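Residue-level structure breakdown
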Amino acid sequence: MIPSRETQEKIDAAVREYPHARSALLAVLHLIQSERGYIAPEDQAWAATRMGLPPAEVAGVVSFYTLFRTKPPGRHHLQVCRTLSCQIRGCRELLSYLEEKLGIKQGQVTTDGRFSLVTVECLGSCGTAPMMQVNDDYHENLTRERLDVLLDSMK
Amino acid sequence: MSANGYQPLLLKNAHRPDSATLAAYRESGGYRALERALKEMTPEQVVEEVKASGLRGRGGAGFPTGMKWSFMPKGSGEKYLVLNADESEPGTFKDRLLMEEDPHLVLEGFLIGCYAVGCRHGFIYMRGEFVRPTRILLKAVEEARAAGMVGKNILGTGFDCEITLYRGAGAYICGEETALLESLEGKRGMPRLKPPFPAQVGLYGKPTSVNNVETIANIPLIVEMGPSWYANLGRPKNTGPKLYCVSGHVRRPGVYEFPLGIPLKELLFEHAGGMLREDRPLKAVIPGGSSVPILPAAQCDVLMDFDSLAAAGTMLGSAGVIVMDDSVCIVEALLNLARFYAHESCGQCTPCREGTGWYVQILERLERGEGNSSDLDLLLDLSDRIQGNTICPLGDAVAMPVRSYVTAFRDEFQHHVTHKKCLAKPAPVPV
Ligand SMILES: Cc1cc2nc3c(=O)[nH]c(=O)nc-3n(C[C@H](O)[C@H](O)[C@H](O)COP(=O)(O)O)c2cc1C
Ligand code: SF4
Ligand code: FES
């Protein structure tokens, strides 16, 4: 998919910000992903051409960083922290609760495309464990009740 | 020393609802230090004051900041200051707080730092997940620009400094300074061999200094109050205020600011409210983020500073204090962290790439009750093989904790082998 004109303008601006254009590669990939929700092989090819890089370089970067997705996520991408502080404050119980409630396992998307569920490593919010990130936002001090309210509000 | 009555310096604005605005920051005396540095001091004088303050880096290693800056070549050549806002060490959540609650403090420190090392284009490397802090910091940069403090001819002094926020994309290793520089160049975050050090060959091959967010937030204080005032806070060679991140089984987890050297027990039992549950006593504390050796409860009478914790066989690290009560199984806790390191190893060095995978396999086996006695020595042996044999410190950052958990809680590991089950009495915190 060729990025929209708006996204392409943002990409041009990002490239101009750096003394060396290559530095803008992550920004370019973030912009593509924020428009499309993920980065497909043809998007990688487009980015490679735009940046004047071999496609394998771009593929290497996409696969190195966990935030870049190569498959479409749900509209609400639930990223539950699994690391130690969250584990000892109950993230496994919450993860099972979510799996049961949504009828999916981690790594899957609900059939209606509403939710996807993954586990992630420490999000720097351990003082408010257990927690998760949904799309860009942090949700902290989670309980089953708070998850119920939260999921209901996400259409 | 007791820290009761201490007035926060780094978090002094954090309680204000408008703390992120330029107006609030100015009201509390903000940007006076930048003005003083640019108008009354040479860059060398700033570096000298930071040296004299005794400030040691808050990113993990505790290296003296003034000294780091003095390694940067003099002269007007292309040089960079990079702010490490990648905060991903498990147990650590202080830099995020600073950026969200007082972005101008971070920015003022960064501008003074750029002036001190002669950098005219500073980069802030933001952890990719930190969307909200990035938005807040970006807004602060634009406010400061409109007020003549970012861009050309700052405060009319002829000092030019552009600032760019760079968004990472999820990789713990990019917090390591040379991996961070690779990432900033648009590449995979693979750590570089040192030497050469970044002060010689850094970003785009130019001299570069990488500093942590909290470190930089101390700079305005040093410039404004003077290095001797600053050096009086804390303990000898461990000076200044410090943010401690307390998580796990305490009543009031959160970020606490006290001088370096507060007793760990005071931090936990007076300030963080003590143990979460009356009937669940303290079992162990990780005092400095997941990469440091563990302290069993009996060894928790320590002061929270670089040298005291080193003397106790562990490290202050990022001051991520993870508190565990006796419901925690140490084998399971270590497995959780081993999986983290196995996931985050960049894979360049065989000992780190393979070793972290082995740790996971062995610990999983012990967890399932299928381990045998030689597994404990195998874990220790792996640590010996990894430590000191890798390109970057991530190898040590997993090898040292593994060794300390197995050594300090050998009985518990042995119990998993002999009885095929756990010694700890599990009692999940209700959620
Ligand atoms: C695996 C690894 C991860 C690191 N992560 C961070 C981090 O998230 N933030 C940080 O400031 N320093 C981190 N560091 C330390 C940096 O390499 C560097 O020492 C630090 O940013 C220097 O800043 P300071 O001198 O102000 O402490 C990490 C180091 C290693 C080995
Ligand atoms: S120690 Fe691990 S993370 Fe560091 S460079 Fe080697 S393989 Fe990569
Ligand atoms: S361990 Fe979950 S946010 Fe840090």
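About the criteria used
- Residues numbered from 1 in each chain as written.
- Chains lettered and ligands numbered in written order.
- Predicted model: local features only at pLDDT ≥ 70, side-chain atom pairs only at ≥ 80, totals over all residues.
- Heavy atoms only, no water.
- Helix = DSSP H or I, 4+ residues; strand = E, 2+ residues; numbered from the N terminus.
- Rg over C-alpha atoms; globule rule 2.2 N^0.38 Å.
- Buried < 20%, exposed > 50% of the residue type's maximum accessible area, 1.4 Å probe, protein only.
- Contact = heavy atoms within 4.5 Å.
- Areas by Shrake-Rupley, 256 points an atom, 1.4 Å probe, with all protein chains shown as cover.
- Lys, Arg positive; Asp, Glu negative; His and termini not counted.
- Charge placed at Lys NZ, Arg CZ, Asp CG, Glu CD.
- Near = heavy atom within 4 Å.
- 1 Å grid on protein atoms, 1.4 Å probe; cavity = no way out; pocket = protein on both sides within 12 Å on 5 of 7 lines; lining within 4 Å.
- Sits in = over half its atoms within 2 Å of the grid points.
- Nonpolar A, V, L, I, M, F, W, Y, C, P; charged D, E, K, R; others polar.
- Arc of directions from axis to C-beta.
- Domains from an automatic or database assignment.
- Points joined across faces, edges and corners; volume = space filled by probe spheres on them.
- Phe/Tyr/Trp six-rings, centres within 6.5 Å; stacked < 30°, edge-to-face > 60°.
- Axes fitted to C-alpha atoms, helices over the stretch in contact; angles between N-to-C directions.
- Parallel < 35°, antiparallel > 145°, perpendicular 65-115°, else oblique.
- Left-handed = near helix turned anticlockwise from the far one by under 90°.
- Pairing = 2+ DSSP bridges.

1. What to know about the overall build of chain B
- Along the backbone of chain B there are 18 helices and 14 strands.
- For chain B, whose C-alpha radius of gyration is 22 Å, the value lies close to the compact-globule estimate of 22 Å for 431 residues.
- When each of the 431 residues of chain B is scored for burial, the buried share is 62%.
- The long-range share in chain B, meaning contacts at least 24 apart out of those at least 6 apart in sequence, stands at 69%.
- Here chain B displays about 15500 Å² of accessible surface, and carbon together with sulfur accounts for 54% of that area.
- The distance from the centre of the 46 positive side-chain charges to the centre of the 50 negative ones in chain B is 2 Å.

2. Examining the overall build of chain A
- Tallying secondary structure elements over chain A gives 7 helices and 4 strands in all.
- In chain A, the succession of helices and strands from N to C terminus is α-α-α-α-β-α-α-β-β-β-α.
- Based on the C-alpha atoms only, the size of chain A along its principal axes is roughly 50 × 35 × 25 Å.
- Buried positions account for 55% of the 155 residues belonging to chain A.
- Here chain A has roughly 7100 Å² of accessible surface; of this, 52% comes from carbon and sulfur atoms.
- Separation between the mean location of the 18 positive side-chain charges and that of the 19 negative ones in chain A comes to 2 Å.

3. With respect to the site of ligand 2
All names here are of chain B.
- Around ligand 2 sit 13 residues, and of these Cys346, Cys349, Cys352, Thr390 and Cys392 come closest.
- Taken atom by atom, the bulk of ligand 2 overlaps the largest cavity.
- Of the residues assigned to the shell around ligand 2, the class counts are 8 nonpolar, 5 polar and no charged.

4. Examining helix H8 (residues 177-184) of chain B
- Here H8 of chain B lies mainly inside the structure; 8 of its 8 residues are buried.
- Contact partners of the buried residues in H8 of chain B: helix H2 (25-36) of chain A together with helix H4 (65-70), strand E1 (80-85), strand E2 (121-126), strand E4 (159-167) and strand E5 (208-212) of chain B.
- Two residues or fewer after H8 of chain B comes Gly186 of chain B, characterised by a positive phi angle close to 85°.

5. With respect to helix H7 (residues 144-152) of chain A
All names here are of chain A.
- Burial in H7 covers these residues: Leu147, Leu150 and Leu151. Down the axis, H7 shows its buried residues gathered within 90° of arc, on one side only. Turned more than 90 degrees off the buried face of H7, the exposed positions are Glu145 and Val149.
- Its buried side turned inward, H7 meets strand E1 (76-81), helix H6 (91-102), strand E2 (115-120), strand E3 (132-134) and strand E4 (137-139).

6. So, the domain arrangement of chain A
- Domain boundaries in chain A define domain 1 (5-64) and domain 2 (76-153).
- Distance from the C-alpha centre of domain 1 of chain A to the C-alpha centre of domain 2 of chain A: 29 Å.

7. Examining the layout of surface pockets
- Of the volumes computed, that of the largest pocket is approximately 1300 Å³.
- Taken together, 46 residues line the largest pocket, and the ones lying closest to its centre are Gly59, Gly60, Ala61, Gly175 and Glu176 of chain B.
- Listed by contribution, the elements that provide at least two residues to the lining of the largest pocket are H4, helix H5 (94-101), E5 and helix H17 (394-408) of chain B.
- Tallying contributions element by element places E5 of chain B first for the lining of the largest pocket, with 5 residues.
- Tallied by class, the residues present in the lining of the largest pocket amount to 16 nonpolar, 19 polar and 11 charged.
- Each pocket or cavity is described by its volume, and for the second largest pocket that value is around 1100 Å³.
- Along the walls of the second largest pocket sit 40 residues, with Ala27, His30 and Leu31 of chain A together with Thr134 and Arg167 of chain B positioned nearest its centre.
- Among the secondary structure elements, those contributing two or more residues to the lining of the second largest pocket are helix H1 (5-16), H2 and E1 of chain A together with E2, helix H7 (131-146) and E4 of chain B.
- Sort the elements by how many residues they give to the lining of the second largest pocket and H7 of chain B lands first, with 7 residues.

8. Some words on the packing of aromatic side chains
- On inspection of all chains with the given rule, the structure shows 14 aromatic pairs over all chains.
- With a centroid separation of 5.9 Å and 50° between ring planes, the pair formed by Tyr80 of chain B and Phe123 of chain B is classed as tilted. Taken together, the residues Tyr80 of chain B in strand E1 and Phe123 of chain B in strand E2 connect sequence positions 43 residues apart.
- With relative accessibility at 0%, the residue Phe123 of chain B sits in the buried group.
- With a centroid separation of 6.1 Å and 80° between ring planes, the pair formed by Tyr172 of chain B and Tyr341 of chain B is classed as edge-to-face. In this pair, Tyr172 of chain B sits in the loop between E4 and H8 while Tyr341 of chain B sits in helix H14 (residues 330-344), placing the two residues 169 residues apart along the sequence.
- Accessibility expressed as a relative area gives 2% for Tyr341 of chain B, which makes it buried.
- Following the ring pairs from residue to residue traces out a cluster consisting of Tyr18 of chain A together with Tyr80, Phe123, Tyr125, Tyr166 and Tyr204 of chain B.

9. Some points on the environment of Gln387 of chain B
All names here are of chain B.
- By secondary structure assignment, the location of Gln387 is in the loop between helix H16 (374-386) and H17.
- For Gln387, a relative accessible area of 27% corresponds to the partly exposed category.
- Separated by 36 residues in the primary sequence, Gln387 and Pro351 have C-alpha atoms spaced 8.6 Å apart.
- Contact partners of Gln387, with chain neighbours within four places excluded, come to Asp396, Ala399, Met400 and Arg403.

10. Details of the side chain of Asp325 of chain B
- Residue placement: Asp325 of chain B occurs in strand E14 (residues 320-325).
- Ignoring sequence-local partners within four residues, the contact set of Asp325 of chain B consists of His249, Met275, Arg277, Arg280, Pro281, Leu282 and Lys283 of chain B.

11. Topic: the packing of H14 of chain B against helix H15 (residues 350-368) of chain B
Residues and elements named next belong to chain B.
- Relative to each other, H14 and H15 sit at 155°, their axes nearing to 9 Å. By the angle between their directions, the pair H14 and H15 is classed as roughly antiparallel. Every pair of crossing elements has a handedness; the one defined by H14 and H15 is left-handed. On H15, the residues that touch Val331, Glu332, Leu334, Leu335, Ala338, Arg339, Tyr341 and Ala342 of H14 are Thr356, Gly357, Tyr359, Val360, Leu363, Glu364, Leu366 and Glu367.
- Looking at side-chain class alone, the contact of H14 with H15 contains 10 nonpolar, 2 polar and 4 charged residues.

12. Re the sheet that holds strand E11 (residues 282-286) of chain B
All names here are of chain B.
- Strand order in the open sheet made by the 5 strands is E9-E8-E14-E11-E12, with mixed pairing throughout. The two strands at the open ends of the sheet, each matched to only one other strand, are strand E9 (254-259) and strand E12 (295-296).
- Bridging between strand E8 (residues 241-248) and E9 involves 6 bridges; their strand directions are antiparallel. Considered in E9, the bridge of Pro241 is made with Pro259.
- This element, H5, spans E8 and E9 of the sheet and lies at about 115° to E8.

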